[in-house]
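Reading the structure
The residues making up each chain are set out below.
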Protein chains: 2
Amino acid sequence: MSAAKHYLTDPTSAVLSNLNSLTLTNPSLLLDAANKIVYRNPSSILNPHNVSVVCGGGSGHEPGFAGFVGDGLLTACVAGTIFASPGAEQVRTCLQHRLPSESKGVLVVATNYTGDVLNFGMGVEKARALGKKVEMVVVGDDVGVGRERGGKVGRRGLSGTALVVKVVGALAEQGVGLEDCARVGRLVVDNLVSLGASLSRVHVPGRGIEEAREEEKRLGPELIEIGMGIHNEPGCEQVKTDLPGLVKIMLKQMLDQSDKDRSYVKIEKTDETILLINNFGGVSNLELGAITNEVVIQLEKNHGLKPRRIIQGTLFGSLDGPGFIVSVLKLADTKLGAGKSILGLIDAPVNAIGWPRCVTAETWEQNHKPPPLGMMEQEDETEPSNLKLDPSKLRSTLEPALKKLIASEAEVTRYDSVVGDGDCGIGLKRGAEAILKELPSMTSDDAMMAFAKICPTVENNMDGTSGALYAIFLNSLASNLRALDTSSPTPVTAEIWAKALAMSIEGLGRYTPAQPGDRTLMDALVPYVKVLQKTGDPKEAAKAAKVGADKTKGMKASLGRSVYVGGTGFEEVPDPGAYGLSVFLSGIADAL
Amino acid sequence: MSAAKHYLTDPTSAVLSNLNSLTLTNPSLLLDAANKIVYRNPSSILNPHNVSVVCGGGSGHEPGFAGFVGDGLLTACVAGTIFASPGAEQVRTCLQHRLPSESKGVLVVATNYTGDVLNFGMGVEKARALGKKVEMVVVGDDVGVGRERGGKVGRRGLSGTALVVKVVGALAEQGVGLEDCARVGRLVVDNLVSLGASLSRVHVPGRGIEEAREEEKRLGPELIEIGMGIHNEPGCEQVKTDLPGLVKIMLKQMLDQSDKDRSYVKIEKTDETILLINNFGGVSNLELGAITNEVVIQLEKNHGLKPRRIIQGTLFGSLDGPGFIVSVLKLADTKLGAGKSILGLIDAPVNAIGWPRCVTAETWEQNHKPPPLGMMEQEDETEPSNLKLDPSKLRSTLEPALKKLIASEAEVTRYDSVVGDGDCGIGLKRGAEAILKELPSMTSDDAMMAFAKICPTVENNMDGTSGALYAIFLNSLASNLRALDTSSPTPVTAEIWAKALAMSIEGLGRYTPAQPGDRTLMDALVPYVKVLQKTGDPKEAAKAAKVGADKTKGMKASLGRSVYVGGTGFEEVPDPGAYGLSVFLSGIADAL
């Protein structure tokens, strides 16, 4: 569970293997392994006269930037070792020997870290001295480190760099000259604000496990660090808050004009913007989407901003770091005409595996009408029947049985943790609680009306395997009861129940091959119905269900998720589904 | 550092927020939150008569499958809670009310897990009973659980499901009928093999931290689990091996025809294939690329397979699990003509944010010529000078000084771990070792030839900030020495050294604003050069460097990465760069 485990422990070979993989996932790329340069094969470049765009920096930020080499983005990328800038000689080699010689100039984009500025700057100066036409844009977009603390260094370069690269890459692809490419690149920088946050620093392959332990102590389980950078340096501030609280603090630091230390870019409600949510690499896509959702809600609610585009993904990461960066780019005028607006350049096509998939500009700009009313209409109401039962008796029987089932959750979960994935107990509890909530509304003496309440409640509140089995079974039970409907009011006797139950067991067989002996809830259900049908006595039937559930101890599962589980322990515990059902059936019997 | 930390601890709200985010990153989508259905807005569907394609399953697999809703892929997706199938009523609602009513049929794709088959099957049956034309394709592509253990259940559905969805989505977009869509979907399943491996199971938001600890014990730091599924169930086999060893085992289980328990699909050297490397979510892109690289190498070397396409990304994940799945799809004949080959359908455009960015079919099929020879040519040789030194004295001075610097690595690293990112010691050591290796070849009595060896060695072996500073300084030192070159052979005296050194310190100023007092290596370098210039005594100069380095204790950094560090501790330790340099300079003085 610790991120201190890796597939590769040698960082050098990890970096080289990853760079080489880019020539495999994009066969138009070449790798100069000695200099860690990924560059476009000249034979694949349509317009070698275009400005070449070069970026780079330490490794560990994948897909940035080697993953951005390709049409519409970068011509080449120079990589360093993990979190360390490449050397100037690597940069010089790239500028001098790895770009189309016909190119009308080279734009180098580097992030504002001392090492990167020094190395790329030196490489640029060397290439210039040799007669190359080179311009350099340094990206600083971070607001985490304010003016006071940043001092002489200026803003750090964060994932906003990806937006700069995207814009200048698209401009270069359109044949725009070097000066304009550089000018627009700097224009993007001047309109960018970014801020990072993370649950932890990352563990670098090849380092000891102790670092992971120390980090756990440094940034405790309830703390989130704001202002986290992408080179594993600690952040600026540790906060104890939930996601809405975190996003609130972050957007304030990014956008509040009254914060003199941090108000780097003036963004107002009337401004058009692009939002980028960048994953450090280790945030699950589930949580990343939730983060995007929260940021978009608060941007509109608290800051009046509704971005023209929302880009989400891992663009400029920090290995498998559990962090993210929010960037807001104000859309300034490029003065190059409508065809070359920042928005159009962000939308322009790319042919590089590192840029995240976004929907087309047409999809963004389309007028999406609300769905037709008919689309949302729900099902018809249940038709009444003559099958009668006493609603107060129904409630007083179900209530204690459901409560017993709820009380057994911990036990069922424990059994399921041994043999399954541990969700069976919660699923049963959730279903039981939902029916319990419906009980007061079950006032009809029509059995069909009771099922009309119970079936959708089970279906909507229990999921997973057992939820489906229960839903199929109860729907089937309702249909089968209805098939026994009479022309005048008739109470549902134990005999009628037993008959419908037996028919429903047969119905289940269409959806599951499970039989008694397969270690499923059938081991409790089938004996229950058989004995009920034979004796008409729910207490005897419940006993049979209990015996059936107990018998599953030691059974090997041949169906259900527990089949895939390699572990042992099934000898000691019963099947959780069968056990839970037997608890409920005993509860019914006790209450009758 | 533990993956037991999350931004959201309530799984229900995490799932709903993520689903809602899809309507933000793709404004043509709608969300039915009550039923967890993400579906295309009918107003955005160009051909509502086309077959609708629906997929779904538990959450936690993002972007699969809600992220695949969009043109060319899915019409709708039904989601469950984390790792649990949605209920049948959700599925029925989707089929009946969330698809274009004009659609000529619905193809449902589900993964082969009991819960999914039951719920989707029941939803399909209900919709069919209401008159809808629906077909269902169940995907089982896993080879991890062999025939014997899989029993009645059959193969599990893994990330190969994404390829099935891609193919049928593209077919439906082309107006192909329901029967052909279903047939080709099953054809893809029949030609798919997949296998997963992971370093650990994942921690589900909302669960206790104990589960993470238990997992660390279950699957120790040196073990990798093969046959890992995507629902957090344990795998089939634990191995202790490196990446090449792991990939070898995996490809053998996937492709070995003599393994009767597992040879589900016959794939031969003459077959055309597609390779998919799917991230569970938590593998860093650095390592994922290295994994792809290893798989491609071994596929060709050991199995004679060279895939027509290589797709890499998180398609069907398991939260932030540190695992991956390898899938190989054999390209079978769809019998629908060349325009509808599996390859063409995989290449077909999509407009959904979950599908990974791949390079175009043209880029794959293009004839990529080797780069022109001129592109790889290297720099001119160094011109000789009259600046003489004794090469054996040079070697005997540098050798012990470099060795002292190497020996100080642990100390430097410790200092840098307090104030920086801990890479300073390794950087200095790497540079020193590289020069040490070059020493035997320094046999010329021309000082310029020594620099011609040392400069590129430093540039190529030291990166990061200090590497650049050293490289700039040494290059500058060489140029400045050369400026003092004479017309006849002259030994380089301490005076000449001091003069060139002083000029070079000035040169550094063009690339860094650092001055003594800024807590950088300048705190050691500047006093050294000053004293050397004044006294001509390297021992006195080295002492001054040591004093300067010591003085950095307690200095606040105003430059360099340590500026960003919020922590304390700088009072107790000197600047690691200044300290390292002073160790080296003392070593020189001692050896003279």
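Note that this is a predicted model, so its numbers are computed, not measured.

What counts, and at which threshold
- Residues numbered from 1 in each chain as written.
- Chains lettered and ligands numbered in written order.
- Predicted model: local features only at pLDDT ≥ 70, side-chain atom pairs only at ≥ 80, totals over all residues.
- Heavy atoms only, no water.
- Least-squares fit on C-alpha atoms with pLDDT ≥ 70 in both.
- Contact = heavy atoms within 4.5 Å.
- Domains from an automatic or database assignment.
- UniProt positions renumbered as here; feature names shortened; annotations may be inferred.
- Helix = DSSP H or I, 4+ residues; strand = E, 2+ residues; numbered from the N terminus.
- Polar contact = N/O pair within 3.5 Å; in protein donor to acceptor, adjacent residues only side chain to side chain.
- Buried area = accessible area lost by both parts, 1.4 Å probe.
- Salt bridge = Lys/Arg side-chain N within 4 Å of Asp/Glu carboxyl O.
- Nonpolar A, V, L, I, M, F, W, Y, C, P; charged D, E, K, R; others polar.
- Pairing = 2+ DSSP bridges.
- Axes fitted to C-alpha atoms, helices over the stretch in contact; angles between N-to-C directions.
- Buried < 20%, exposed > 50% of the residue type's maximum accessible area, 1.4 Å probe, protein only.
- Expected span 1.5 Å × (residues − 1).
- Parallel < 35°, antiparallel > 145°, perpendicular 65-115°, else oblique.
- Left-handed = near helix turned anticlockwise from the far one by under 90°.

Quick look at the relation of the copies chain A and chain B
Its rotation angle being 180°, the transformation that places chain A on chain B also includes 0.1 Å of axial translation and leaves an RMSD of 0.2 Å. The two molecules are tied by a two-fold rotation axis, judged by turn and shift. When the interface residues of chain A are mapped onto chain B, 99% of them again lie at the interface, so the same face is used by both copies.

A short note on the domain arrangement of chain A
Per the domain assignment, the segments of chain A are domain 1 (11-190), domain 2 (195-206 + 218-337) and domain 3 (388-591). Taking the mean C-alpha position of each, domain 2 of chain A and domain 3 of chain A sit 48 Å from one another.

Comments concerning the UniProt feature "active site" (unreviewed entry) in chain A
Residues and elements named next belong to chain A. Following the UniProt record, one finds the feature "active site" (unreviewed entry) at H231. If you trace the backbone, H231 turns up in the loop between β8 (224-226) and β9 (237-239). Separated by 3.4 Å, the side chains of H231 and H61 make a polar contact.

Considering the interface of chain A and chain B
Across the contact, 148 residues belong to chain A and 149 residues belong to chain B. Taking both partners together, chain A and chain B bury about 12700 Å²; carbon and sulfur atoms supply 58% of that area. Counting across the chain A and chain B interface gives 2 salt bridges. In this structure, the salt-bridge partner of R213(A) is E216(B), at a minimum N-O distance of 2.9 Å. For the pair chain A and chain B, the interface holds 38 residue pairs in polar contact (both at pLDDT 80 or more). No other element matches the 9 residues that helix α9 (residues 285-303) of chain A contributes to the side of chain A that touches chain B. Residue classes in the side of chain A that touches chain B are distributed as 64 nonpolar, 56 polar and 28 charged.

Details of the sheet that holds strand β11 (residues 309-313) of chain A
Residues and elements named next belong to chain A. Here 6 strands make up an open sheet; going across it, the order is β9-β8-β7-β12-β10-β11 and the pairing mixed. Two strands in the sheet have a free side with no partner beyond their single neighbour: β9 and β11. Adjacent strand axes in the sheet meet at a mean angle of 20° when their direction is disregarded. Bridge count between β8 and β9: 3 bridges; the pairing is antiparallel. The residue bridging I224 from the neighbouring strand is V239, located in β9. Across the sheet, helix α8 (residues 243-255) is in contact with β7 (192-198), β8, β9 and β12 (323-330); its angle to β7 comes to roughly 150°. Packing against the sheet, α9 makes contact with β10 (273-279), β11 and β12, and its axis sits at approximately 150° to β10.

Focus on the pairing of strand β2 (residues 37-40) of chain A
Of the two faces of β2(A), the one holding I37(A) and Y39(A) and the one holding V38(A) and R40(A) are both buried throughout. Taken together, strand β1 (residues 29-32) of chain A and the strand that follows it, β2(A), pair antiparallel across an intervening segment of 4 residues, in which K36(A) is found at a positive phi of about 50°.

A short note on the pattern of salt bridges
All names here are of chain A. Applying the stated rule across the entire model yields 58 salt bridges over all chains. Across the pair R309 and E365 runs a salt bridge, and its minimum N-O distance is 3.0 Å. Pair noted here: R309 is in strand β11 and E365 is in helix α11 (residues 361-365), with a separation of 56 residues, a long-range link. Classification of R309 by relative accessible area gives buried; the value is 3%. According to the relative accessible area criterion, E365 is partly exposed, its value standing at 44%. Close ionic contact of R414 with E411 constitutes a salt bridge, the shortest N to O distance being 3.8 Å. Of this pair, R414 and E411 are both found in helix α13 (residues 409-419), 3 residues apart, which corresponds to roughly one turn of the helix. It is possible to trace a salt-bridge network through shared partners that takes in E272, R308, R309, D347 and E365.

Quick notes on the sheet that holds strand β9 (residues 237-239) of chain B
All names here are of chain B. Pairing within the open sheet is mixed, and its 6 strands lie in the order β9-β8-β7-β12-β10-β11. Because the sheet does not close on itself, it has two edges, and the strands there are β9 and β11 (309-313). Across the sheet, the mean angle from the axis of one strand to that of its neighbour is 20°, orientation sign disregarded. Where strand β7 (residues 192-198) and strand β8 (residues 224-226) come together, 2 bridges link them in antiparallel fashion. By the bridge assignment for β8, A197 is matched with I226. Relative to the sheet, helix α5 (residues 160-173) contacts β7, β10 (273-279), β11 and β12 (323-330), its axis offset from that of β7 by approximately 140°.

Some remarks on the environment of G229(B)
Residues and elements named next belong to chain B. Within the fold, G229 resides in the loop between β8 and β9. A residue is classified by how much of its surface remains accessible, and G229, at 1% relative accessible area, is buried. Sequence separation of G229 and I325 is 96 residues, and the distance between their C-alpha atoms is 9.0 Å.

Some thoughts on helix α14 (residues 424-438) of chain B
If you check α14(B), its first and last C-alpha atoms are 22 Å apart, about what 15 residues at 1.5 Å a residue would give, namely 21 Å. Considered for burial, the residues of α14(B) that qualify are C424(B), G425(B), G427(B), L428(B), G431(B), A432(B), A434(B) and I435(B).

So, unusual backbone geometry
Residue and element names in this part refer to chain A. Here the amide bond leading from E62 into P63 is cis, since omega sits at 10°, within 30 degrees of zero. Considering the arrangement of structural elements, one finds P63 in the loop between β3 (52-59) and β4 (76-82). For K335, which is not glycine, the phi torsion reads 60° and is therefore positive. Of note, K335 is situated in the loop between β12 and α10 (342-347). On the basis of relative accessibility, which here comes to 67%, the residue K335 falls in the exposed class.

A short note on the packing of helix α19 (residues 538-551) of chain A against helix α20 (residues 576-591) of chain A
Residue and element names in this part refer to chain A. Contact geometry of α19 with α20 gives a least axis separation of 9 Å together with a crossing angle of 160°. Between α19 and α20, the interaxial angle falls into the category roughly antiparallel. Relative to α20, the crossing made by α19 is left-handed. Counting all contacts with α19, which are made through P538, K539, A542, A545, K546 and A549, the residues of α20 involved are A578, Y579, S582, L585, S586, A589 and D590. In terms of residue class, the contact of α19 with α20 is built from 8 nonpolar, 2 polar and 3 charged.

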